[in-house]
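# Observations on the three-dimensional arrangement
Given next are the chains, with one letter for each unit.
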Amino acid sequence: MLLHIDSFTSPDPFSSIVAAGVAAGASKEGYNVMLYTAVAEEEGDRAARKIDRQIDGLVLVLPPKNSPIVKECLRQQIPVVSVLQEANEASPTVNSSDYEGARLATQHLIGLGYRRIAHLTGAPSIHTSRLRIKGYQDTPNEAGITLDPQLLKDGEFIRQSGYEATTTLLALPESKRPTAIFAANDLSAHGALDAIVEKGLRVPEDISLVGYDDTWYASVLSPQLTSVNINVDLIGRRAVELLIQTIEGEPQPLELVLPVSLSVRGSTGPAPTT
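Computed from a predicted structure; not experimentally measured. (Residues numbered from 1 in each chain as written. Predicted model: local features only at pLDDT ≥ 70, side-chain atom pairs only at ≥ 80, totals over all residues. Heavy atoms only, no water.)

## Comments concerning the side chain of Ser129
Tracing the sequence through the fold places Ser129 in helix α5 (residues 127-142). For Ser129, a relative accessible area of 1% gives the class buried. With residues up to four places along the chain from it excluded, the contact list for Ser129 reads Gly122, Ala123 and Phe157. (Helix = DSSP H or I, 4+ residues; strand = E, 2+ residues; numbered from the N terminus. Buried < 20%, exposed > 50% of the residue type's maximum accessible area, 1.4 Å probe, protein only. Contact = heavy atoms within 4.5 Å.)

Rendered as structure tokens:
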């Protein structure tokens, strides 16, 4: 069994936790896992050339749309399951309820009294980023809150981008600055925290902060990060279960969507009254 993951070399623990879930699930069923990493989308063609019938199946994590790897697996009739990809007719995928997760994060901040809520988006090429943006936008609209377009910034799932986006937000006039920030992952939330502290502001007394993924990373920040829990390890385990069932010829749904929850910690608190 081959595990292909395009961001395993990043400092974000998301990919390594998915990989651990895949490895644990495969081992339980008597399969060995080979790990293949690609740090850029253009490496897809090179990766596709490595696919052969020596593998029983393939788990693809965060694959780009129209991945040549999927096409090659289909050509050779090798079962493939994707993680966090838009559902399609080509192969099954395991997703989390990203729209609902963004709503949970935004509802939490609205419930604490915040109205100027910024969102640091994920990478635009990744399906989950669009769902999180939509959840962030729909929730205030339903509550009669008008979002300022200036508060939507590109965080790219990267700490440095989260820092840069938040620095730009904090440079706005005080009446336009966000009083809360929802980041599309914990790594970009860490960058936001860096920028907030550098500005001489406090979390959550001056600005509340919510991340996404809720890996161990969220608990080692100070203050500990409120984050949307998507059960990253379970995503990996469900992906390999789906793959093994596909290998064994059992019919499978095209998309398996796992529930999410919100882990509330010290980075969020009531909105200031002044």
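## Section: the packing of helix α4 (residues 98-111) against α5
For the pair α4 and α5, the least separation of the axes is 7 Å and the interaxial angle reads 40°. Taken together, the axis directions place α4 and α5 in an arrangement best described as oblique. Judged by the sense of rotation from one axis to the other, the crossing of α4 with α5 is right-handed. Residues Asp98, Tyr99, Ala102, Arg103, Thr106, Gln107 and Ile110 of α4 touch α5, and the partners they reach there are Thr128, Leu131, Arg132, Lys134, Gly135, Tyr136, Asp138, Thr139, Pro140 and Glu142. (Axes fitted to C-alpha atoms, helices over the stretch in contact; angles between N-to-C directions. Parallel < 35°, antiparallel > 145°, perpendicular 65-115°, else oblique. Left-handed = near helix turned anticlockwise from the far one by under 90°.)

## As for the packing of helix α1 (residues 14-28) against helix α9 (residues 232-247)
At their nearest, the axes of α1 and α9 sit 7 Å apart, and the two run at 40° to each other. Judged by the angle between their axes, α1 and α9 are oblique. Read as a crossing pair, α1 and α9 show a hand that is right-handed. For the pair α1 and α9, contact is made by Phe14, Ile17, Val18, Ala20, Gly21, Val22, Ala24, Gly25 and Ala26 and by Val232, Asp233, Gly236, Arg237, Val240 and Ile244, respectively. For the contact of α1 with α9, a count of residues per class yields ten nonpolar, three polar and two charged. (Nonpolar A, V, L, I, M, F, W, Y, C, P; charged D, E, K, R; others polar.)

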